[in-house]
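Working through the structure, step by step
As a plain string of letters, each chain reads:
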Amino acid sequence: MTTFVATLGFDSTRVTRPVLTHGIEERDAIVLVHPTDHDEPRADEAKDDVERMVTELQPTVTIETLELDPTAFHDGVRRTAACVNACDDEVVLVLGGGARDIYLPVAFTAFACTDAIDTVLQFSDITGSVGELDIPYFLHPPAESTVRTLEAIVEEGDGVSLAMIVDILDIAKSTVARHVTELEDREFVRSDMDGKTKVVYPTEKGRLAVDLGAL
């Protein structure tokens, strides 16, 4: 079962298009996030539109709501994270629309709960298209020595062999190999084989982590 957690404003398309693009199946669930104490009829109409369109395609899909207090950012993050972490199977976070007061805590949850979220989809305000976001994970950074290895890889930029990293950092090859394995697991680097030589390249996540000093 897939659970879609989606911010909802007045435009139901910002929810339905990402959900339909990803694909819905029987017994999936959609959690619509909106502000507490809203008295805007357009929001209720958008919710009804989502429910009508989705259940026409998959009658067994359930539609739920998660109300966030627009004045309580931290509690909004806490409640969204609790919703995400309570899901048993695939979780798709849809950053579609809605007031910034609820959009921001839900977006922050995407960074804080990357282990629990399988896919993050974004509805583009510019093109109306749906794209998948590759969210970087900067919590629980690696050891300082591993970060130095990442920095060396990013500085080289165009690919560096393990032997070159050994020369740059003056550390054992086994240590470099261990660092690279961890960085690959975190998707901060990728590697290819050039003959018998392993060449390591930084990913966009890795570059961003170094550029921001986030590790």
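Look above for the structure.
Residues numbered from 1 in each chain as written. Predicted model: local features only at pLDDT ≥ 70, side-chain atom pairs only at ≥ 80, totals over all residues. Heavy atoms only, no water.

1. Remarks on the pattern of salt bridges
- Evaluation of the coordinates by the stated rule reveals 11 salt bridges.
- With a closest N to O distance of 3.5 Å, R78 and D75 form a salt bridge. One end of the pair is R78 and the other is D75, both in helix α3 (residues 73-85) and 3 residues apart, which spans about a single turn.
- Taking relative accessible area as the criterion, D75 reaches 31% and is therefore assigned partly exposed. (Salt bridge = Lys/Arg side-chain N within 4 Å of Asp/Glu carboxyl O. Helix = DSSP H or I, 4+ residues; strand = E, 2+ residues; numbered from the N terminus. Buried < 20%, exposed > 50% of the residue type's maximum accessible area, 1.4 Å probe, protein only.)

2. A word on unusual backbone geometry
- Even without being glycine, R27 reaches a positive phi, approximately 70°.
- As for its position among the elements, R27 is in the loop between α1 (13-22) and β2 (29-35).

3. As for the packing of α1 against helix α2 (residues 41-57)
- One can describe the packing of α1 onto α2 by two numbers: an axis separation of 9 Å at closest approach and a directional angle of 20°. Put simply, α1 runs roughly parallel to α2. Relative to α2, α1 is oriented so that their crossing is right-handed. In this structure, α1 uses V15, T16 and L20 to contact α2, whose residues at the interface are V50, M53 and L57.
- Split by residue class, the contact of α1 with α2 holds 5 nonpolar, 1 polar and no charged. (Axes fitted to C-alpha atoms, helices over the stretch in contact; angles between N-to-C directions. Parallel < 35°, antiparallel > 145°, perpendicular 65-115°, else oblique. Left-handed = near helix turned anticlockwise from the far one by under 90°. Contact = heavy atoms within 4.5 Å. Nonpolar A, V, L, I, M, F, W, Y, C, P; charged D, E, K, R; others polar.)

4. Quick look at the pairing of strand β5 (residues 119-123)
- Burial analysis of β5 places 4 of its 5 residues in the buried class, the great majority of the element.
- Here β5 folds back onto strand β6 (residues 130-133) in antiparallel fashion, the turn holding 6 residues, of which G128 has a positive phi close to 75°. (Pairing = 2+ DSSP bridges.)

5. Examining the nonpolar core
- Counting 21 residues, the largest nonpolar core has V33, L93, L95, I117 and V120 as its most contacted members.
- If you list the elements that add at least two residues to this core, you get β2, β3 (62-68), α3, β4 (90-95) and α4 (100-112).
- The element contributing the most residues to this core is α4, with 5 residues.
- Apart from residues lying up to four places away in sequence, V120 is in contact with L93, L95, A110, G131, E132, L133 and I135.
- Listed in part, the 16 residues of the second largest apolar core include I30, L32, V50 and V92. (Core = buried A, V, L, I, M, F, W, Y, C linked by side-chain atoms within 4.5 Å.)

6. A closer look at helix α8 (residues 204-212)
- Along α8, the residues that are buried comprise K205, G206 and A209. The buried residues of α8 occupy one face: seen down the axis, they fall within an arc of 100°. Facing away from the buried side of α8, by more than 90 degrees, are the exposed residues E204 and D211.
- Buried residues belonging to α8 abut α5 (144-156).
- Just past α8, the residue G213 takes up positive phi, approximately 60°. (Arc of directions from axis to C-beta.)

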